[in-house]
Amino acid sequence: MKHTFTLLTTLLLAPLAALNAADIAAKPNVIIILIDDAGYGDYSCHGNPVAKTPNVDKLHDESVRFSDFHVTPYCTPTRSQLMTGVDNFRNGASVVTGGRMLLRPDLPTAANLFAANGYRTGQFGKWHLGDNYPFRPQDRGFKDVLYFNSAFVGESDDTWCNDYVDPWLRHADGKPVQFKGYVNDILFTEAMTWMDQRRKGGEPFFCYLPLNLIHTPLIVPEKYCEPYKDQTPDHRQILGMLANVDENMGRLDAFLRQSGLRDNTILMFLNDNGSAHMSDLYNAGMRGSKGTPWEGGHRSPLFVRWPSGGLRPPGEVAGLTQVQDLLPTLIGLCGLKQTLGAKFDGINLAPVLQKAGQEPPDRILVVQHGYPQKAAPGIDPAQRPYAVMWGRWRLVESALYDLATDPGQQKDLIAKQPEIAAKLRTAYAQWWKDVEPWTTKRSAIIVGDDHENPSTLVPSTQYNQKGLSPDWVRKGTYTMDQWFIQVARDGNYEIALRRWPEEANTAIAGTVPAWDSVLGNHRLPPGKVFPVVKARLTVGEFKGEKDVAQTDTVAVFNVSLKQGQTMLRGTFLDDQGKEICGAYYTSVRRLD
C-alpha cells in the first residue's frame, strides 16, 4: 500500500467552492469523547460489579456498539491514529515521549478536514501530540482550544505544580490562564458553552473532548469516592474520578437535549488504551492492561449515537475494527467533500452503521506502538509489544490465542495451529514492510518562527515513563538528552538554560519546597540541592560553557544559528566537570 501526502500548508488552502450555506447548515455536529486510562471493563455496562456509571450505561443502550474495537496500549499513538486515520508508526507519533509523540506536520488531521468543510473546530482537554509549534492543537486545524501541556495536569511539561483544582489551562495563544473549579468539570462546561455558541451562530461543529481523567495523579473531590469506601485507597480515587466522568456525561446529555442539538449530533465515546488502574478489580475476562499487547491492553468501547442520522438500531456490531477507522467513517457519515488529499489506513464504517446486519469486512489488523524498531527475538516485549488480530485469533509476540475458546489468552496454540500462525506472521511482516520506511523520519520542533517565539523546550524529548512527572525533575534523577529542532531562519538567538521552570524563580543549584494539591491527596517531594558551577550548551556548530553562581536561576547564551535542522543539548556540571543534571527547561528566542 502506498501513501502520498500533500504539504499541510497547501492543504489548508484547499478551495471551498463546492460548499454552500445549505450544505453547511445540513451537516451533523460531531462530538468525540476520549477517556484517559479507563479500560473496557471499567464500566458497569460491561459487567463491572463495583463501578457505578449510569450515564455511560445509558449512552451504551442508545448507541451502535462495536464489540471488537481496538486502540493502542498507550495514549499518544491512539490519539495520533484517531486524528489522522493513519498507523502511528507512519504518522510519527508512536510513543508518549517528545521525540516520538510529534504528529507529522504534513498530515491533515480531523480538524483540518472538518474546517475545510465549513465546520467550526474545537478541542478541550488532553492533546499529547506536541506542545510546540507546529504540533499544538491550534497548529493542527483547531480554531478554538483549551488544553494543558503533555500527558496530564501537573506533568513536568505543564504549568509548574498545576493542580486538578483551579487549574491553569491554555487557549490558542499558548499562555496559561487559571480557571476555577475541578478540571474535568471545567472542560465539559467550556465545551458545552462553545457548542451553544455554535448553535446560536448556525455553525456545524466538530468538538474533540479528550479528558485527562482517569489518568494519575489521583486527585478528585471526596464526595465522588464516598460510594467506594470499602475499596483500596487507589481504587477509591480511580472510581471517584470515573464517577465524575459519568456525572459530566449526564450533564452533556442534558445540555444536548435542552439545546436541541442532540438529534443531529454524532457522539462517539471511546478509551485511549486499556485499564491502567483497575484490571485487578475487574477486566471483563481479558488478560493484560495498559501498555501490554493482550486484549486488556487495547480493547476499547466504541459507542456511536446519532438519533436523526438513520443509523441501524442500537446494539452490538461484531467484526474487527480499529481507532484509525473513525476519521474515514466520520467523512462518510458527514458527507465531507474536501478531503485534502488524505489517505488512510483505516476504513469507512458508515455502511456498517447505516445498515442492520452488515458487519465490517474480514481483515487482519496490527496493534503496535513504541520506538521504531521491529519486534524480534531477544527484544524485550515490554519495549515493542505487538499483536496481530484476525477474527477470533490473536498472535501476540510468539504465542497464538483463540479468543473463542480462550478469552483470557492463557493457552498458546501456536504448535497446534501452525497455518494460522504462519498467516498472521506473514501479514505482520508485510505490515511492517509498509510502515518501516516512515520510522526513520523524525519531526523537529521549529524555533525562531513568528508562530512561537520564544519556544520553551521541556523535559519530554528523551525519557523513560518515570522521567515525566515533577517529582522526578525535583529529584534530579534523570539527565536530559537532547532536542531535535529546526531553526526557522538564520539569525541571532538567545538560549536560556534552566533547571527549574521560569515561574518557580529558583536557583539552578537550589531547591523547591514540597507541594500538596488543594485536596490534600497528592504530594510532591522537595527538590534536591545540586553543586552546579557551570552550564554547557551544544547546538549546531556551537559548544560553550558558562559559570553558574549559587543564586543564578538561568544561564543565558547568545548564539548565531543557521536555518535548518540540528540538535540542542543543555546540561549542568559540577566543579569536576561532570554533568549532574539536565537543563530541564530551555527556551530559544530569535532576537532579530
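Structural data are supplied above this passage.
Report on the accompanying structure. This one's a predicted model, so the numbers in the text were calculated from it and none came from an experiment.

Scanning the protein chain for helices and strands turns up 13 helices and 29 strands. Looking at the protein chain as a whole, 62% of its 592 residues qualify as buried. Sequence-distant contacts, at least 24 apart, represent 71% of the contacts inside the protein chain between residues at least 6 apart. Looking at the protein chain as shown, the accessible area adds up to about 22,200 Å², and 50% of this sits on carbon and sulfur atoms.

Let us look at the environment of Asp592. Position of Asp592 among the secondary structure elements: in the segment after β29 (585-590). Spatially, the C-alpha atom of Asp592 lies 6.3 Å from that of Gly491, the residues being 101 residues apart in sequence. The residues contacting Asp592, other than those within four sequence positions of it, are Gly491 and Asn492. Among the polar contacts listed, one links the side chain of Asp592 to the backbone nitrogen of Asn492, at a separation of 3.2 Å.

On to the sheet that holds strand β10 (residues 299-300). The sheet built from three strands is open, its strands ordered β10-β3-β13 with mixed pairing. If you trace the sheet from one side to the other, it starts and ends with β10 and β13 (321-322), each paired once. By the bridge criterion, two bridges tie strand β3 (residues 69-70) to β13 in an arrangement that is parallel. Looking at β13, one finds that Phe69 is bridged to Thr321.

This part takes up the layout of surface pockets. Each pocket or cavity is described by its volume, and for the largest pocket that value is around 800 Å³. Considering the residues around the largest pocket, the lining is formed by 30 residues, among which Arg170, Gly174, Pro176, Thr456 and Glu502 are closest to the centre. At the level of secondary structure, the elements contributing two or more residues to the lining of the largest pocket comprise β21 (491-498) and β29. Broken down by element, the lining of the largest pocket gets its largest block of residues, four residues, from β29. Residue composition of the lining of the largest pocket, by class: eight nonpolar, nine polar and 13 charged.

Let us now look at the pairing of strand β8 (residues 205-210). With six of its six residues buried, β8 lies for the most part within the structure. Where burial is concerned, the two faces of β8 agree: the one with Phe205, Cys207 and Leu209 and the one with Phe206, Tyr208 and Pro210 are both buried. As judged from the five bridges shared by strand β1 (residues 29-35) and β8, these two strands associate in the parallel manner. Within β8, the position partnered with Ile33 by the bridge is Leu209. Of the strand pairs in this sheet, strand β4 (residues 120-126) and β8 are connected by four bridges, and their pairing is parallel. Its bridge partner being in β8, Gln123 is matched across the sheet by Tyr208.

Time to look at the packing of aromatic side chains. One pass over the structure, following the stated rule, counts 18 aromatic pairs. Linked through ring pairs, Phe114, Tyr119, Trp127, Phe142, Phe206 and Tyr208 together constitute an aromatic cluster. Cation over ring: Lys423 sits above Trp390, and NZ or CZ is 4.8 Å from the ring centre. One Lys or Arg, Lys441, reaches over the ring of Trp438 and ends 5.6 Å from the middle of that ring.

It is worth spelling out the side chain of Gln409 at this point. In this fold, Gln409 is placed in the loop between β17 (399-402) and α12 (418-439). For Gln409, the side chain forms a polar contact with the main-chain nitrogen of Glu295, separated by 2.9 Å. Not counting residues within four places of it along the chain, the set of residues in contact with Gln409 comprises Arg287, Trp294, Glu295, Arg394, Val396, Tyr401 and Leu403.

This brings us to the side chain of Asp106. Note on placement: Asp106 falls in the loop between α5 (88-91) and α6 (110-116). Judged by its relative accessible area of 19%, Asp106 is buried. A polar side-chain atom of Asp106 sits 2.6 Å from a polar atom in the side chain of Arg104.

It is worth spelling out the sheet that holds β29 at this point. Taken in spatial order, the four strands line up as β19-β29-β21-β26 in an open sheet, and their pairing is antiparallel. Two strands bound the open sheet, and with one partner strand each, they are β19 (455-457) and β26 (555-561). On average, each strand axis in the sheet is inclined to that of its neighbour by 20°, with strand direction left out of account. In this structure, β21 lies alongside β26, joined through seven bridges in antiparallel fashion. Bridge assignment links Leu497 to a residue of β26, and that residue is Ala555.

Where helix α7 (residues 183-201) meets helix α8 (residues 233-259), the closest approach of the two axes is 10 Å, and the angle between their N-to-C directions is 15°. Here α8 runs roughly parallel to α7, going by the angle between their axes. For the crossing formed where α7 meets α8, the hand is right-handed. Contact residues: α7 offers Asn184, Asp185, Phe188, Thr189, Met192, Met195, Asp196 and Arg199, while α8 offers Asn244, Val245, Asn248, Met249, Arg251, Leu252, Phe255 and Ser259. In terms of residue class, the contact of α7 with α8 is made up of seven nonpolar, five polar and four charged.

Right, let's get into empty space enclosed by the protein. A full pass over the atoms with the stated rule returns six cavities of 30 Å³ or more. If you add up the space inside the second largest cavity, you get close to 90 Å³. Considering the residues around the second largest cavity, the lining is formed by Asn55, Lys58, Leu59, Glu62, Met249, Gly250, Leu252, Asp253, Leu256, Leu267 and Arg305. Of all the secondary structure elements, the ones that give two or more residues to the lining of the second largest cavity are α3 (54-62) and α8. When residues of the lining of the second largest cavity are assigned to their parent elements, the largest contribution, five residues, is made by α8. Across the lining of the second largest cavity, the residue classes break down as five nonpolar, two polar and four charged.

What follows covers unusual backbone geometry. Put simply, Thr216 and Pro217 share a cis peptide bond, and its omega is 0°. You will see that Asp166, though not glycine, has its phi angle at about 55°, which is positive. Position of Asp166 relative to the elements: it lies in the loop between β5 (144-148) and β6 (168-170). Phi is positive for Ala284, which is not a glycine, with a value near 55°. Here Ala284 is to be found in the loop between β9 (265-271) and α9 (295-298).

This next bit is on the environment of Phe66. Within the fold, Phe66 resides in strand β2 (residues 64-66). On the basis of relative accessibility, which here comes to 3%, the residue Phe66 falls in the buried class. For the pair formed by Phe66 and Gly319, sequence separation is 253 residues and the distance between their alpha carbons is 7.7 Å.

Thresholds applied
Residues numbered from 1 in each chain as written. Predicted model: local features only at pLDDT ≥ 70, side-chain atom pairs only at ≥ 80, totals over all residues. Heavy atoms only, no water. Helix = DSSP H or I, 4+ residues; strand = E, 2+ residues; numbered from the N terminus. Buried < 20%, exposed > 50% of the residue type's maximum accessible area, 1.4 Å probe, protein only. Contact = heavy atoms within 4.5 Å. Areas by Shrake-Rupley, 256 points an atom, 1.4 Å probe, with all protein chains shown as cover. Polar contact = N/O pair within 3.5 Å; in protein donor to acceptor, adjacent residues only side chain to side chain. Pairing = 2+ DSSP bridges. 1 Å grid on protein atoms, 1.4 Å probe; cavity = no way out; pocket = protein on both sides within 12 Å on 5 of 7 lines; lining within 4 Å. Points joined across faces, edges and corners; volume = space filled by probe spheres on them. Nonpolar A, V, L, I, M, F, W, Y, C, P; charged D, E, K, R; others polar. Phe/Tyr/Trp six-rings, centres within 6.5 Å; stacked < 30°, edge-to-face > 60°. Lys NZ or Arg CZ within 6 Å of the ring centre and 35° of its normal. Axes fitted to C-alpha atoms, helices over the stretch in contact; angles between N-to-C directions. Parallel < 35°, antiparallel > 145°, perpendicular 65-115°, else oblique. Left-handed = near helix turned anticlockwise from the far one by under 90°.

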